Amino acid sequence: MSRTRLLFAGADEYLATFEAAARSLPQIDLVAYQPGQDLAGIQYLLMWRPVPGLAAAMRDLKAIFCFGAGVDRLLASSDIPAQIPIVRMVEPGLTRGMSEYVLWQALRHHRRIWELEEAQAEGRWAPHWYPAAWERPVGILGLGELGIATGEKLLEFGFPVRGWSRQRKQHADIESFAGPEELPAFLRDLEILICLLPLTEATRGILNAGLFSGLKPGASLINVGRGQHLVEADLLEALASGQLLAASLDVFAKEPLPADHPFWRHPRIFMSPHNASDTDPAGGLGEIARQIGRSLTGQPLEHVADRARGY
Ligand code: NDP
Ligand code: OXD
């Protein structure tokens, strides 16, 4: 079987694991990108952050596979030719990791784990009250691949789950709200809000004071979408006023988060360094190999980002 070259233009620290995963795929020849290399004949590119000028320099390029689910950086790149499809990552490891992270944080907010940690640090025996999960409505902004799977995980633990998307979803157990006009009804009485939206012009800054004021006072926020969804000053203000009780943030407007940023020392903000979920190298490459197989046999690629929609 002839092997198809896939140019890897990701961060160096991921190269070895992707090379190891590629060894079990007989149809893929993973080629590490080196500036100045001969790109003739390479049809597929795997990239996360855009490498300036690379896509335009690959004259045989047929598709770009994004390392992650969010293609905002690639879509914002002005030097990727408009006719080249950009494929979002959809693979089980990434999906499972996200639902695991959100469940972990939702349970943290549900049980107010920080109160126990503070009591333990002070040597205080402090039993505390928390409601049943089914009394805690959870809302997910973005009911796509990750939002649905995460909602289903939360349902397993008894939380009532509702979701918000552009198009209404038909789901037996997740109440679906659609479009800006249904956003207030979606937010009403929510106690835990999760952001799993893509970053687009319509969603930038959506996590702001106006939106927080639509939640139940004392609600919690989990932002795993993009840092630019959040108006940071509004979060600090909502935490100070008690409109929000706590937040879990995995993504930030500036990454890495600057050392002097107030989030680092805020007692009610839990942070992780943008790895709520990562693409599993074997699962991700297996998915890319499947899609390349489709492309080579003239079938349409799946999960192609829609440039007009922005995701
Ligand atoms: P999908 O494209 O599958 O889902 C996106 C969802 O957002 C869809 O339900 C879509 O609505 C909805 N949406 C988009 N724009 C709007 C809008 N203007 N109003 C209402 N709803 C909107 O994406 P994924 O679920 O795969 O990924 C979501 C995001 O999660 C990624 O873009 C990325 O930013 C983030 N992510 C973060 C990770 C991390 O480690 N922190 C890891 C992976 C992803 P509709 O269904 O109607 O199209
Ligand atoms: C992604 C991410 O979009 O990791 O996949 O943020």
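Note that residues are indexed from 1 along each chain, following the sequence as it is written. The naming scheme follows written order: chains are lettered A onward, ligands numbered 1 onward. For this predicted model, a pLDDT threshold of at least 70 governs which residues receive local features, and a threshold of 80 or more governs which side-chain atom pairs are given and counted, while totals over whole chains, interfaces and linings are taken from all residues. Only hydrogens and water are removed before side-chain values are computed, so all heavy atoms of the structure are retained for them.

## Quick word on the layout of surface pockets
Heads up, the rule is: The method works on a 1 Å grid over the protein atoms by themselves. A cavity is a set of points holding a 1.4 Å probe that cannot get out, a pocket is an open set with protein on both sides within 12 Å along at least five of seven lines, and residues with an atom within 4 Å of a point line them. Grid points are joined across faces, edges and corners, and a volume is the space filled by probe spheres set on the points. Each residue receives one of three labels: charged for Asp, Glu, Lys and Arg, nonpolar for Ala, Val, Leu, Ile, Met, Phe, Trp, Tyr, Cys and Pro, and polar for the others, Gly being one of them. What marks off one domain from the next here is an automatic or database domain assignment.
Of the pockets and cavities examined, the second largest pocket occupies roughly 210 Å³. Here the lining of the second largest pocket is composed, by residue class, of four nonpolar, two polar and six charged. When residues of the lining of the second largest pocket are assigned to domains, at least three map to each of domain 1 (4–91 + 279–296) and domain 2 (92–271).

## Some remarks on the sheet that holds strand β9 (residues 192–195)
Worth spelling out the cut-off: Two strands qualify as a pair provided DSSP detects at least 2 bridges between them. Each helix corresponds to a stretch of at least 4 residues labelled H or I by DSSP, and each strand to a stretch of at least 2 residues labelled E; elements are numbered beginning at the N terminus. To get an axis, fit a line to the C-alpha atoms, keeping to the stretch in contact for a helix; angles then go from 0 to 180 degrees between the N-to-C directions. Contacts are assigned to residue pairs that have any heavy atoms within 4.5 Å of one another.
Taken in spatial order, the seven strands line up as β8-β7-β6-β9-β10-β11-β12 in an open sheet, and their pairing is parallel. The open sheet has two edge strands, β8 (175–178) and β12 (269–271), and neither has a second partner. Mean inter-strand twist for the sheet, computed between neighbouring axes without regard to direction, equals 15°. Note that strand β7 (residues 161–165) and β8 share four bridges and pair parallel. The residue of β8 that forms the bridge with S165 is A178. The sheet strands contacting helix α9 (residues 232–241) are β10 (219–223), β11 (244–249) and β12, and the helix crosses β11 at an angle near 140°.

## A look at the site of ligand 1
Heads up, the condition is: One heavy atom within 4 Å of a molecule or strand is enough for the residue carrying it to be called near that molecule or strand. Within 3.5 Å is the distance limit for a polar contact, defined as a pair of N or O atoms, with the added protein rule that one can donate a hydrogen and the other accept it, and that residues adjacent in sequence qualify only through two side-chain atoms.
Surveying the vicinity of ligand 1 reveals 29 residues, the closest of which are E145, Q167, K169, D250 and Y311. One nitrogen or oxygen atom from the main chain of R166 is found 3.1 Å from an oxygen atom belonging to ligand 1. Mapped by element, the contributors of at least two residues to the shell around ligand 1 are α6 (145–156) and β7. The residues that make up the shell around ligand 1 include at least three from each of domain 1 (4–91 + 279–296) and domain 2 (92–271).

## Some points on the pairing of β9
Put simply, the test is: Throughout this description, buried means an accessible area under 20% of the type-specific maximum (1.4 Å probe, protein chains only), exposed means over 50%, and partly exposed covers the range between.
Side chains I192 and I194 of β9 all project onto a buried face; the interleaved residues L193 and C195 project onto the opposite face, where all are buried too. Relative to β9, strand β6 (residues 138–141) runs parallel, the two being bridged by four bridges. For V138, the partnering residue across the bridge sits in β9 and is I192. Where β9 and β10 come together, four bridges link them in parallel fashion. Along β10, the bridge assignment pairs L193 with L221.

## What to know about the pattern of salt bridges
Condition: The term salt bridge refers to a side-chain nitrogen of Lys or Arg lying within 4 Å of a carboxyl oxygen of Asp or Glu.
Counted by the stated rule, this structure contains 12 salt bridges. In this structure, E191 engages K216 in a salt bridge whose closest nitrogen and oxygen atoms are separated by 3.2 Å. Placement of E191 in the loop between α7 (183–187) and β9 and of K216 in the loop between α8 (209–213) and β10 is noted, with a sequence separation of 25 residues between them. You can call E191 buried: its relative accessible area is 13%.

## Some thoughts on the environment of D29
Summarising the element assignment, D29 is placed in strand β2 (residues 28–32). Judged by its relative accessible area of 27%, D29 is partly exposed. Sequence spacing of D29 and R290 is 261 residues, and the spatial spacing of their C-alpha atoms is 14 Å. With near-sequence residues (within four places) excluded, D29 lies in contact with R3, T4, R5 and L6.

## Some remarks on the domain arrangement of the protein
Operational definition: Two parts placed together each lose some accessible area under a 1.4 Å probe, and adding up what both lose gives the buried area.
Annotation of the protein at the domain level lists domain 1 (4–91 + 279–296) and domain 2 (92–271). One C-alpha centre belongs to domain 1, the other to domain 2, and the line joining them spans 32 Å. Opposite the 11 residues of domain 1 that make contact, domain 2 presents nine residues. Where domain 1 abuts domain 2, roughly 770 Å² becomes buried across the two surfaces, and 52% of that area is made up of carbon and sulfur atoms. Of all residues in domain 1, D72, V90 and E91 bury the most surface against domain 2, accounting for 56% of the area lost on that side. At the junction of domain 1 with domain 2, the criterion picks out one salt bridge. The partner of R226 in a salt bridge is D72, with the nearest N and O atoms 2.9 Å apart. Counting across the domain 1 and domain 2 interface gives four residue pairs in polar contact (both at pLDDT 80 or more). In terms of residue class, the side of domain 1 that touches domain 2 is made up of four nonpolar, two polar and five charged.

## Thoughts on the site of ligand 2
Our working rule: The accessible surface values rely on the Shrake-Rupley method and a 1.4 Å probe; as for residues, cover is taken only from the protein chains in view.
Around ligand 2, the structure places W48, G68, A69, G70, R226, H274 and S277. H274 is positioned such that a nitrogen or oxygen atom in its side chain is 2.6 Å from an oxygen atom of ligand 2. Bound to the protein, ligand 2 loses 86% of the 210 Å² it would expose on its own.

## Let's talk about the sheet that holds strand β1 (residues 4–9)
With parallel pairing, five strands are arranged side by side in an open sheet as β2-β1-β3-β4-β5. In the strand order of this sheet, the two ends are held by β2 and β5 (86–87), each with one partner. Here β1 pairs with β2 via five bridges, running parallel. Bridge assignment links L7 to a residue of β2, and that residue is V31. Contacts from helix α1 (residues 12–22) reach β1, β2 and β3 (44–47), with the element oriented near 160° to β2.

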